Amino acid sequence: GGFDVLFNSFSFILCFLPITFVIFFILGRYAPNHYATLWLVIASFLFYGYWDIQYIPLLFISILFNYYMGKKLYNTHSKAWLSLGIIVNLSLLGYFKYMNFFLDNINTLAGTNLFDMPHVILPLGISFFTFTQIAYLIDTYRNEAIPNSFVVYAEFVTIFPHLIAGPIISYKDMLPQFINPKTFIPDYKNIGMGLSLFSMGLFKKVVIADSLSPVVENVFTHTDKLTFLEAWIGAISYTFQLYFDFSGYSEMAIGLGLLFNLKLPVNFNSPYQATSIIDFWRRWHMTLGLWVKDYLYIPLGGNRHGEWNKMRNLLISMFLIGLWHSAGWTFIIWGTLHGIFLMVNHQWRRLKIALPKFANWSITFLCVTFAWVFFRAQSVHDAYKVIFCMLDITSFAIPDHGFAARLFANTGIASIKWNISSSLGTSLLELFILFAALLLLKNPIVLQKKIKPKYTWLLLTCILFLISMCYIGTFGTGEFLYFQF
């Protein structure tokens, strides 16, 4: 059934989750713990297989291979085995994710169809489970991870809250939790926190992100005839949609983890409050940033070999973060842009240029918003068109109906047919409210630490949950944006 077992579907919330939860704790109580762990692994495979059963063997073989590779590395600490492990993982990712892109570009350069395109469907979550396992191999090689049973390893890779879109977890942080006897006993505080985080994430996703989706869709599918205002509303709406969609997912994942007494790492820390691009990358998709820092940037030499090499390593890292998201020029440009922003930011710091905080924040937010246009656009050409309209004040025009049209009726400002479904006033008001929320509110995960579980909290959780349940499916399928990666 397509994307039916999404976190934001009735079948997941009302059926899959309660059954998985109840059986896990019954087994935890009346059977040896590894039975409960095994049950979570089976449930996670079912969760994955519901999307596309044909990729279950692929996931299973990948886990088997890396588990045995890990044992081998633990016993030998051989660089050759490590290289083999990494090459096999990257080849798998390369074939499924980049093969078509690569052949397509060769065809374009050659000007003829040298290669027929294989019909490769991207296995769900392959970027996440590949990166998770490469980190495991490197940690084992460095003596930082100690292999445990196969079932525990399978749980580490497949555990359904993080399997499809992160957060990217690390074996050395999670293993003690997987084998701790307390994990198998229901903890009411964790359950309360988990449900409230899940409800907040669900609200972010289905009420906020999904409601922005039609506006974004309208702007990015009509790039030929955009006005100045439409281009800006589209770009800023996408900036918010992506954040609420992905941070909503990550909070739901962390909340689901807590139900099973597992603390998954935080993935977002109010990134749009950042006052520099360096700061932005410490707050956005934090587990990916950390992964790249630990397993790519530092091994490349990090900032140890002078300024020039540091800049090179930053650019390579950001280029690869772009490519990691998806095989496409738009993503490569997005990553490279962030690499350039970071290089400028580091030089800016060296020169000790001081600006007021508001100026720092504005520059950062504008850079991020312009870069997201590439991330969202169907093609590089479309992205240029949107950015051109954002910079072209002469294309300023207002919708030909509604309040704005009447207000500016006699001023000579052009009024034309509007691409965006909602009126100008509604769009601006929505964006203004979201701006205020993002700039002033604390991250739900930070909030959690301060709040004492009281009835008001319970009431708020229930209200958010019920509103979200009413909104599920209102704005289309509600697929998570990060599932494409």
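Before any of the text, the structure's been laid out above.
Overview of the structure. (Residues numbered from 1 in each chain as written. Predicted model: local features only at pLDDT ≥ 70, side-chain atom pairs only at ≥ 80, totals over all residues. Heavy atoms only, no water.)

**Overview of the overall build of the protein chain**
Working step 1: In terms of regular secondary structure, the protein chain is built from 20 helices and two strands.
Working step 2: For 485 residues, the compact-globule formula gives about 23 Å, and the C-alpha radius of gyration of the protein chain, at 24 Å, lands near that figure.
Working step 3: Projected onto its principal axes, the C-alpha coordinates of the protein chain cover approximately 80 × 60 × 50 Å.
Working step 4: With 485 residues in all, the protein chain has 53% of them scored as buried.
Working step 5: Across the protein chain, contacts joining residues at least 24 apart in sequence account for 75% of those joining residues at least 6 apart.
Working step 6: In the structure as shown, the protein chain presents an accessible area of about 22,400 Å², 69% of it carried by carbon and sulfur atoms.
Working step 7: Here the protein chain contributes 32 positive and 23 negative side-chain charges, whose respective centroids are spaced 13 Å apart. (Helix = DSSP H or I, 4+ residues; strand = E, 2+ residues; numbered from the N terminus. Rg over C-alpha atoms; globule rule 2.2 N^0.38 Å. Buried < 20%, exposed > 50% of the residue type's maximum accessible area, 1.4 Å probe, protein only. Contact = heavy atoms within 4.5 Å. Areas by Shrake-Rupley, 256 points an atom, 1.4 Å probe, with all protein chains shown as cover. Lys, Arg positive; Asp, Glu negative; His and termini not counted. Charge placed at Lys NZ, Arg CZ, Asp CG, Glu CD.)

**What about the packing of aromatic side chains?**
A ring pair, where both rings are aromatic, is described by two values, the distance of the centres and the angle of the planes.
Working step 1: Applying the stated rule across the entire model yields 65 aromatic pairs.
Working step 2: Ring centres 5.8 Å apart and planes at 90° place the aromatic pair Phe374 and Tyr384 in the edge-to-face group. Residue Phe374 is located in helix α15 (residues 357-376), and its partner Tyr384 is located in helix α16 (residues 380-391); the two are separated by ten residues in the primary sequence.
Working step 3: When the ring centre of Trp324 is taken as origin, the NZ or CZ atom of Lys97, which lies over that ring, is 5.5 Å away.
Working step 4: The side chain of Lys205 reaches across the aromatic face of Phe480, ending 4.9 Å from its centre. (Phe/Tyr/Trp six-rings, centres within 6.5 Å; stacked < 30°, edge-to-face > 60°. Lys NZ or Arg CZ within 6 Å of the ring centre and 35° of its normal.)

**Concerning helix α13 (residues 306-325)**
Working step 1: Under the 1.5 Å per step criterion, the end-to-end length of α13 is 29 Å for 20 residues, consistent within 8% with the ideal 28 Å.
Working step 2: Within α13 the residues assigned to the buried category are Lys310, Met311, Asn313, Leu314, Ser317, Met318, Ile321, Gly322, Leu323, Trp324 and His325.
Working step 3: Elements in contact with the buried residues of α13: α4 (79-110), α5 (126-141), α11 (277-283), α12 (286-297), α14 (329-350) and α15. (Expected span 1.5 Å × (residues − 1).)

**Quick word on the pattern of salt bridges**
Working step 1: Summed over all chains, the structure comprises nine salt bridges.
Working step 2: A salt bridge links Glu144 to Lys172, with the nearest nitrogen and oxygen atoms 3.4 Å apart. Here Lys172 lies in helix α8 (residues 171-179) and Glu144 lies in the loop between α5 and α6 (150-158), a separation of 28 residues in the sequence.
Working step 3: Classification of Glu144 as partly exposed rests on a relative accessible area of 38%.
Working step 4: Here Arg283 makes a salt bridge to Asp279, at a shortest N to O gap of 3.0 Å. (Salt bridge = Lys/Arg side-chain N within 4 Å of Asp/Glu carboxyl O.)

**Side note on the environment of His381**
Working step 1: Here His381 shows up in helix α16.
Working step 2: Note on His381: relative accessible area 51%, which makes it exposed.
Working step 3: Residues His381 and Thr330, spaced 51 residues apart in sequence, show a C-alpha to C-alpha distance of 9.3 Å.

**Section: the side chain of Thr461**
Working step 1: Mapped onto the elements of the fold, Thr461 is located in helix α20 (residues 455-471).
Working step 2: Given a relative accessible area of 13%, Thr461 falls into the buried group.
Working step 3: What Thr461 contacts, discounting residues up to four positions off in sequence, is Leu195, Ser196 and Ser199.

**Digging into unusual backbone geometry**
Working step 1: Phi is positive for Asn261, close to 60°, though the residue is something other than glycine.
Working step 2: Among the residues examined, Asn261 registers a relative accessible area of 11% and is labelled buried.
Working step 3: The phi dihedral of Lys352 is positive, around 55°, even though this residue is not glycine.

**Considering the nonpolar core**
As a rule of thumb, soluble globular proteins bury nonpolar side chains together.
Working step 1: Judged by nonpolar contacts, the single largest core of 148 residues is most densely connected at Phe7, Phe12, Phe240, Tyr272, Trp284 and Trp372.
Working step 2: With sequence-adjacent residues up to four places away left out, Trp372 is seen in contact with Tyr238, Thr239, Leu242, Tyr272, Phe280, Trp284 and Trp334. (Core = buried A, V, L, I, M, F, W, Y, C linked by side-chain atoms within 4.5 Å.)

**Some thoughts on the packing of helix α3 (residues 56-76) against α6**
Working step 1: Two numbers describe how α3 lies on α6: the axes approach to 10 Å, and their chain directions differ by 125°. What the angle tells us is that α3 and α6 run oblique. In the packing of α3 onto α6, the handedness of the crossing is right-handed. Each of Leu59, Phe60, Ile63, Leu64, Asn66 and Tyr67 in α3 lies in contact with α6, whose residues at this interface are Phe150, Tyr153, Ala154, Val157 and Thr158.
Working step 2: For the contact of α3 with α6, the residue count by class is nine nonpolar, two polar and no charged. (Axes fitted to C-alpha atoms, helices over the stretch in contact; angles between N-to-C directions. Parallel < 35°, antiparallel > 145°, perpendicular 65-115°, else oblique. Left-handed = near helix turned anticlockwise from the far one by under 90°. Nonpolar A, V, L, I, M, F, W, Y, C, P; charged D, E, K, R; others polar.)

**A short note on the packing of helix α1 (residues 10-30) against helix α2 (residues 33-51)**
Working step 1: Where α1 contacts α2, the two axes come as close as 7 Å, and the packing angle between them is 160°. With respect to α2, the element α1 is oriented roughly antiparallel. Judged by the twist between their axes, the crossing of α1 over α2 is right-handed. Contact residues: α1 offers Phe12, Phe16, Ile19, Thr20, Ile23, Phe24, Leu27 and Gly28, while α2 offers Asn33, Tyr35, Ala36, Thr37, Trp39, Leu40, Ala43 and Phe47.
Working step 2: Of the residues in the contact of α1 with α2, the class split is twelve nonpolar, four polar and no charged.

**Thoughts on the state of the cysteines**
Here, disulfide denotes a covalent bond that connects the sulfur atoms of two cysteines.
Working step 1: All chains considered together, the criterion is met by zero disulfides.
Working step 2: Left without a disulfide partner, Cys470 is nearest to the cysteine sulfur of Cys462, which lies 13 Å away. (Disulfide = S-S within 2.5 Å.)

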